[in-house]
Amino acid sequence: MASLKKEYIGATLVCIAATLWGFDGIVLTPRLHKLDVAYVVFILHLIPLVGMSFLFGKTEVKNIIKLSKQDLFFYFLIALFGGSIGTLAIVKALFLVNFDHLTVVTLLQKLQPVFAIVLARIILKEKIRSNFILWAIIALISGYLLTFQFSLPVLGDNKNIGLASLYAILAAFSFGSSTVFGKKILTNSSFRTALYTRYLFTSIIMFGIVGIGGKFVWIEKTTEFQWMIFTIISLTTGSGAVLLYYKGLAYIKANVATMCELCFPVSSIVFDYIFNGHLLSITQSFAVVVLLFSIYKITKEEN
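Predicted model only: the values in this text are computed from it and were never measured.

The rules behind each value
- Once a new chain begins, its residue numbering starts again from 1 and follows that chain's sequence as written.
- Local features in this predicted model are restricted to residues whose pLDDT is 70 or higher, and side-chain atom pairs enter the listing and the counts only when it is 80 or higher, whereas totals over whole chains, interfaces and linings include all residues.
- Side-chain metrics in this entry use all non-hydrogen atoms of the structure; hydrogen atoms and water are not considered.
- Going along the chain from the N terminus, every DSSP run of H or I of four or more residues is numbered as a helix, and every run of E of two or more is numbered as a strand.
- As a reference, a globule follows 2.2 Å times the number of residues to the power 0.38, and the radius of gyration itself is taken over C-alpha atoms.
- Partly exposed residues are those whose accessible area sits between 20% and 50% of the maximum for their type, while under 20% is buried and over 50% is exposed, using a 1.4 Å probe and protein chains only.
- Any pair of residues with heavy atoms lying within 4.5 Å of one another is described as a contacting pair.
- Accessibility throughout is a Shrake-Rupley quantity obtained with a 1.4 Å probe, and a residue counts as covered only by protein chains that appear here.
- His is not counted, nor are the chain ends; Lys and Arg add positive charge and Asp and Glu add negative charge.
- Here the site of a charge means NZ on Lys, CZ on Arg, CG on Asp, or CD on Glu.
- To get an axis, fit a line to the C-alpha atoms, keeping to the stretch in contact for a helix; angles then go from 0 to 180 degrees between the N-to-C directions.
- Geometric relationships in this document are graded by angle, where less than 35 degrees denotes roughly parallel, more than 145 denotes roughly antiparallel, 65 to 115 denotes roughly perpendicular, and other angles denote oblique.
- Rotating anticlockwise by less than a right angle from the far helix to the near helix defines a left-handed crossing, while the corresponding clockwise rotation defines a right-handed one.
- Throughout this entry, Asp, Glu, Lys and Arg are counted as charged residues, while Ala, Val, Leu, Ile, Met, Phe, Trp, Tyr, Cys and Pro are counted as nonpolar. The remaining residues, Gly among them, count as polar.
- Patches here are clusters of residues that have more than 30% relative accessible area and form no salt bridge, with a 9 Å joining cutoff for like charges and a 5 Å cutoff for nonpolar side chains (Val, Leu, Ile, Met, Phe, Trp, Tyr).
- Between Lys or Arg on one side and Asp or Glu on the other, a salt bridge is scored when a side-chain nitrogen of the former is within 4 Å of a carboxyl oxygen of the latter.
- Across the chain, each position has a pLDDT score giving the predictor's confidence in that residue, from 0 to 100.

## A closer look at the overall build of the protein chain
Phase 1: Helix and strand counts for the protein chain stand at 13 helices and 0 strands.
Phase 2: Element order for the protein chain, N to C, with α for helix and β for strand: α-α-α-α-α-α-α-α-α-α-α-α-α.
Phase 3: Rg of the C-alpha trace for the protein chain: 19 Å, near the compact-globule value of 19 Å for 303 residues, within the 12% margin.
Phase 4: Considered along the principal axes of its C-alpha atoms, the protein chain spans approximately 55 × 50 × 40 Å.
Phase 5: Burial status across the protein chain gives 48% buried among its 303 residues.
Phase 6: In the protein chain, the share of contacts with a sequence separation of at least 24, taken over all contacts with a separation of at least 6, comes to 89%.
Phase 7: Roughly 15,000 Å² of accessible area belongs to the protein chain as shown, and the carbon and sulfur atoms make up 68% of that amount.
Phase 8: Averaging the locations of the 25 positively and 14 negatively charged side chains of the protein chain gives two centres separated by 8 Å.

Below is the structure:
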């Protein structure tokens, strides 16, 4: 009975985290579209880093110093792909569509497991199940239909949907890479150490990018409303949602978590309709169902 209660708690926490991510992609991050992309990514990592540093930074710095050079290298790769490139790509994608097609951009992130499994085969030499190729092809076709429906790709239209979709897919690839690199090191350190190190290294990388690009002038241009959005994201949909997700994941199996994560695409569709009045077409709705089912099959078979 106690274990069943923990499963309910775990499932609820993962659902809340996934819903927060959906809210972020549709409602929060797009409200920062007037700011520079690199600057936005830097601040989104810096604020949680400062908060975590006050809470447990001194302890985690000691833990980081104890890490091997190999672990530090993989943490750097996680920060580079998952923290920097992936976040830059998805934020750029959200900014490009200017509150239109936000659901399409957020849903394309669900292709992440496809890239993660392929990279795990290449980097970690993990075996791929026999049905993976079939479901991966179905997922990619569904992603195409979700983006372009039955039309040919147009990357330069006035809505930038084609270019934004490419950025979203780049984000999925980057986040998938981060997942694979994470498998190499999480056995050697706690989740809290991994979380703090990722935000620390990403902040350092983004500090360099923002500094070289002369983007710090955006600090003076940031309005009180935008600072409020930054703070809300940092406390809720950013590190807050990640903590909820991994806390919940400790109580449930991976295939249950996969089902709970469907709250992300479902909430994205709902929030896009509530706040922006957008609905997917019949073709796109069908593509969403097929995409999510194929991703579920891929994830279930690999766990």
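## Quick notes on the packing of helix α2 (residues 37-66) against helix α10 (residues 224-249)
Phase 1: Where α2 meets α10, the axes come as close as 9 Å, and the angle between the chain directions of the two elements is 60 degrees. Classed by the angle they form, the pair α2 and α10 counts as oblique. The crossing of α2 and α10 is right-handed. Every residue of α10 that contacts α2 at Tyr39, Val40, Ile43, Leu44, Ile47 and Pro48 is listed here: Trp227, Phe230, Thr231, Ile233, Ser234 and Ser239.
Phase 2: A class-by-class count of the residues in the contact of α2 with α10 yields 9 nonpolar, 3 polar and no charged.

## What to know about the side chain of serine 142
Phase 1: You can see serine 142 is positioned in helix α6 (residues 132-148).
Phase 2: The exposure class assigned to serine 142 is buried, which follows from its relative accessible area of 4%.
Phase 3: Setting aside residues up to four positions removed in sequence, serine 142 forms contacts with Ala287, Val290 and Leu291.

## Section: the packing of helix α3 (residues 69-96) against helix α7 (residues 161-183)
Phase 1: Remark: α3 packs on α7, axes separated minimally by 8 Å, with the N-to-C direction vectors making an angle of 160 degrees. Classed by the angle they form, the pair α3 and α7 counts as roughly antiparallel. For the crossing formed where α3 meets α7, the hand is left-handed.
Phase 2: Taken together, the residues that form the contact of α3 with α7 break down as 17 nonpolar, 7 polar and 1 charged.

## Focus: a nonpolar patch on the surface
Phase 1: A grouping of Val266, Val270, Tyr273, Ile274, Phe275 and Leu279 is seen on the molecular surface, where their side chains present a nonpolar patch of about 610 Å² in accessible area.
Phase 2: With respect to the secondary-structure elements, valine 270 resides in helix α12 (residues 263-276).
Phase 3: The exposure class of valine 270 is partly exposed, given its relative accessible area of 40%.

## Some points on the environment of leucine 96
Phase 1: The residue leucine 96 is located in helix α3 in this model.
Phase 2: Since its relative accessible area comes to 16%, leucine 96 is described here as buried.
Phase 3: Between the C-alpha atoms of leucine 96 and leucine 163, which are 67 residues apart in sequence, the distance is 7.9 Å.

## Considering the confidence of the model for the protein chain
Phase 1: For the protein chain, per-residue confidence averages 87 on the pLDDT scale, and residues scoring 70 or more make up 94% of the total.
Phase 2: No element of the protein chain has a lower mean pLDDT than helix α11 (residues 254-260), at 72, and none a higher one than helix α9 (residues 218-221), at 96.

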